[in-house]
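# Structural description and commentary
The primary structure of each chain is shown beneath.
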2 protein chains.
Amino acid sequence: MSRIYNFSAGPSMLPVEVLEQCAAEMLDYNGSGMSVMEMSHRSPVYDAIIKETEADFRKLMNIPDNYKVLFLQGGASTQFAAVPLNLMKTGKADYVVSGQFSKKAYKEAQKYGDAKCIASSEDRTYAYIPEITPDMVREDADYVHVCYNNTIFGTKYPEVPNVGDKVLVADMSSCITSEPVDVTKFGCIYAGAQKNMAPAGLTVVIIREDLLGAEKEFTPVMLSYKEMAEADSMYNTPPCYAIYVAGLVYKWALKNGGLEAMKKRNEEKAALLYDYIDSSKLFKATADKKYRSMMNVCFVTGDADLDKKFCKEAEAAGLSNLKGHRSVGGMRASIYNAMPKEGVEKLVEFMKAFEAANA
Amino acid sequence: MSRIYNFSAGPSMLPVEVLEQCAAEMLDYNGSGMSVMEMSHRSPVYDAIIKETEADFRKLMNIPDNYKVLFLQGGASTQFAAVPLNLMKTGKADYVVSGQFSKKAYKEAQKYGDAKCIASSEDRTYAYIPEITPDMVREDADYVHVCYNNTIFGTKYPEVPNVGDKVLVADMSSCITSEPVDVTKFGCIYAGAQKNMAPAGLTVVIIREDLLGAEKEFTPVMLSYKEMAEADSMYNTPPCYAIYVAGLVYKWALKNGGLEAMKKRNEEKAALLYDYIDSSKLFKATADKKYRSMMNVCFVTGDADLDKKFCKEAEAAGLSNLKGHRSVGGMRASIYNAMPKEGVEKLVEFMKAFEAANA
């Protein structure tokens with residue numbers, strides 16, 4: 001068996017020791033005589049798993065008591081509807097469009113009320129984060145929605161945007177648990193788990209309690225934050241196994257120093273890559289420096305054929321899934337929490353050799 | 001390691017060889033150097049998995065070409081909204097209420113139009129299936145919704161209900177792939193996968209193509225059958241790992257003779273249990289004979305304390321999760337495809353001994 005370095009934008013690498021534990025416990029979790037996949041979600045043994053997972057996630061993210069944590073399904077795309085269905089109380093919401101997913105969120109919200117795009121970076125293929133100030137937000141907007149890290153374009157908010165006293169809602173699918181975040185600055189944070197936390201099929205929502213209970217009457221019960229909060233995410237069977245894996249990943253992150261340590265590791269990994277790219281004559285980073293993501297590093301050679309050759313040769317060298325999204329082209333190295341530093345070192349080594357060979 | 005016999009109503013037992021394969025492939029699927037949990041859903045290696053899973057499911061269920069198979073999230077409870085959102089074209093739909101879940105489906109549909117309960121068995125705690133005839137269905141109803149097997153009450157339709165030329169929609173969460181079913185008699189079949197097919201977090205929808213495209217304009221894109229069909233269930237990241245496990249389970253079922261063989265096995269298992277219960281002086285089956293489920297066998301002693309004692313002693317003997325749902329009380333043995341015959345034999349043995357000891 002030889003593991004590759006998988007630079008996929010998601011689903012993506014999981015810590016090896018988490019996978020090893022999954023394998024070891026597959027036929028018998030902790031002497032229960034069952035796989036976690038086989039357990040009744042109402043059983044004491046599973047109840048302990050989901051409760052511990054939530055407790056570890058709260059600890060890791062430093063989530064205050066007045067926020068609920070929901071373990072849901074359907075990915076961020078389902079939240080694109082759930083957010084306006086639950087939070088568009090008076091019918092207006094402001095959106096910042098900083099990439100393909102925030103644009104989708106904005107379009108989906110238009111089904112449910114007056115969603116307005118108050119800032120966009122579409123003019124330069126989302127190479128930057130459009131900055132906002134409180135005066136840009138409509139007086140009567142129920143919330144402001146942002147995508148905190150743009151997976152496809154490799155950009156990230158350098159700091160929490162200032163929306164004055166408005167409720168800030170953030171899609172953090174591709175940066176959650178990559179560094180500490182001040183949860184109190186947000187009304188709602190949501191994230192598909194398949195990048196930094198777990199296999200695909202789990203969506204985590206962190207929602208301030210006072211925002212619950214304003215859902216539109218035609219909201220599907222499964223998309224109602226209030227219903228899901230009241231049922232402790234157990235209105236029906238939750239995605240039990242993905243929650244269990246998330247729990248193992250949270251324990252791994254805590255054991256490795258929590259989010260401060262994750263941030264340090266991620267900064268080091270990203271610096272390795274960006275520093276080399278900035279010094280390179282062949283490769284060029286596509287995102288503006290100020291807004292560069294630590295998770296998704298996008299770069300090009302400027303020659304589509306050469307980009308293709310790069311990805312093909314990298315793949316053969318065990319550096320996988322480096323092809324950029326079709327809307328940007330070039331390359332993208334997604335280096336989430338579980339990507340070891342050696343993976344980035346190997347990539348930089350490979351890029352240097354490729355540059356030398358293709359000068 | 002000692003595996004128990006797990007009679008949970010869901011999530012529930014998976015075939016041991018499927019779990020063994022999951023464990024063996026956890027760190028490296030088929031030489032890819034990745035876990036299936038880590039794969040990009042857009043990668044060729046994952047594409048082959050989902051396509052093969054769908055092909056095997058179509059083969060197993062004998063699904064005609066004019067039906068789409070969708071791999072979704074959110075469980076049957078999400079379908080309780082998705083069905084009316086997608087299929088309530090003219091605004092009317094008829095529901096048969098044969099248990100707690102069909103009642104929930106009926107209530108959810110009321111959010112979206114004129115949902116009518118045309119038959120119910122609530123009068124006798126859902127101990128039977130209320131029969132329907134075409135004349136009971138409203139002339140202008142868009143569809144008739146039934147729950148084909150009622151997990152909580154242990155009842156099942158003895159045959160496909162006759163709804164004339166109306167579209168029949170069935171929740172088959174707790175009986176799908178337990179026996180052959182004539183898909184052409186249904187417009188839409190949906191099922192949470194966590195009983196007979198996979199871990200929780202996957203919902204399968206089988207939908208006749210001509211029914212696509214009538215969704216209400218405020219339907220969340222993730223709940224639109226048309227959008228999901230057009231995207232081959234990849235509008236966003238699907239629950240990749242649960243789909244992979246479902247694929248292994250389908251292969252297991254095909255290898256073991258397909259649904260005719262599953263039916264034979266399941267009939268034998270159910271007969272073992274029902275025959276003994278019918279001969280017992282202590283235990284009594286709660287569902288009417290004609291409507292008995294092969295998957296969920298509900299029974300009582302008539303004495304709540306004795307029921308409790310039974311469950312406790314059974315648990316200690318490695319016969320787990322036999323407690324009935326709180327709305328019925330007593331016991332429930334869920335004996336899905338993956339429950340081996342020996343599990344049922346052990347249960348009957350145990351029941352006999354318990355009866356002798358508590359006569």
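The residue numbers shown here count from 1 along each chain, following its written sequence. In the order they appear in the text, chains get letters beginning with A and ligands get numbers beginning with 1. Side-chain atom pairs in this predicted model are given and counted only at pLDDT of 80 or more, local residue features only at pLDDT of at least 70, and totals for whole chains, interfaces and linings cover all residues. Derived side-chain values reflect all non-hydrogen atoms in the structure, with water molecules and hydrogen atoms excluded from consideration.

The next thing to look at is the interface of chain A and chain B. Contacts are assigned to residue pairs that have any heavy atoms within 4.5 Å of one another. Every contact between the two is made by 59 residues of chain A and, on the other side, 59 residues of chain B. Buried area is a sum: the accessible area each of two parts loses on coming together, probed at 1.4 Å, counted once for each and added. Buried surface at the junction of chain A and chain B, both sides included, amounts to about 4600 Å², of which 61% is carbon and sulfur. A per-residue breakdown of the area chain A buries against chain B is headed by A:Leu27, A:Met37 and A:Glu38, which together make up 15% of the total. Salt bridges are defined as contacts in which a side-chain nitrogen from Lys or Arg sits within 4 Å of a carboxyl oxygen from Asp or Glu. Linking chain A with chain B are two salt bridges.

A separate point is the packing of helix H2 (residues 44-61) of chain B against helix H6 (residues 240-255) of chain B. All names here are of chain B. Closest axis-to-axis distance for the H2/H6 pair is 9 Å, and the angle between their directions is 40 degrees. Classed by the angle they form, the pair H2 and H6 counts as oblique. Handedness of the H2/H6 crossing: left-handed. Here H2 contributes Tyr 46, Ile 49, Ile 50, Glu 52, Thr 53, Asp 56, Phe 57, Lys 59 and Leu 60 to the contact with H6, which in turn contributes Cys 240, Ile 243, Tyr 244, Ala 246, Gly 247, Tyr 250, Lys 251, Ala 253 and Leu 254. Angles here are taken between N-to-C directions and fall from 0 to 180 degrees, while the axes themselves are lines fitted to C-alpha atoms, restricted in helices to the stretch in contact. Helix and strand assignments follow DSSP, with helices taken as H or I runs no shorter than four residues and strands as E runs no shorter than two, numbered in order from the N terminus. Working definition: roughly parallel below 35 degrees, roughly antiparallel above 145 degrees, roughly perpendicular at 65 to 115 degrees, and oblique for all remaining angles. Two helices cross in a left-handed way if the nearer one is turned anticlockwise from the farther one by less than a right angle. They cross in a right-handed way if the turn is clockwise.

All names here are of chain A. Here strand S5 (residues 143-147) lies mainly inside the structure; five of its five residues are buried. Side chains of S5 alternate between two faces, with Tyr 143, His 145 and Cys 147 and Val 144 and Val 146 buried alike. DSSP bridges decide pairing: two strands pair if at least two such bridges lie between them. Both strand S3 (residues 92-97) and S5 contribute to a ladder of two bridges, which runs parallel. Residue Asp 94 lies in a different strand from S5, and its bridge partner there is Val 144. For S5 and strand S8 (residues 167-171), the ladder comprises five bridges, and the chain directions are parallel. Residue pairing in the sheet places Val 144 in a bridge with Leu 168 of S8. Burial classes follow relative accessibility: with a 1.4 Å probe on protein chains only, a residue under 20% of its type's maximum area counts as buried, one over 50% as exposed, and anything between as partly exposed.

A few words on the pairing of strand S2 (residues 67-72) of chain B. All names here are of chain B. The buried count for S2 comes to five of six residues, which makes it a mostly enclosed element. Across six bridges, S2 lies against strand S10 (residues 203-208) in antiparallel orientation. Bridge pairing in S10 links Val 69 to Ile 206.

Before going further, it helps to examine the pattern of salt bridges. Residues and elements named next belong to chain A. Scanning the model with the defined rule gives 44 salt bridges over all chains in all. Salt-bridge contacts for Lys 251 lead to Asp 56; the nearest nitrogen and oxygen are separated by 2.6 Å. Residue Lys 251 is located in helix H6 (residues 240-255), and its partner Asp 56 is located in helix H2 (residues 44-61); the two are separated by 195 residues in the primary sequence. Lys 251 sits in the partly exposed class, given a relative accessible area of 37%. One salt-bridge network, held together by shared partners, links Glu 52, Asp 56 and Lys 251.

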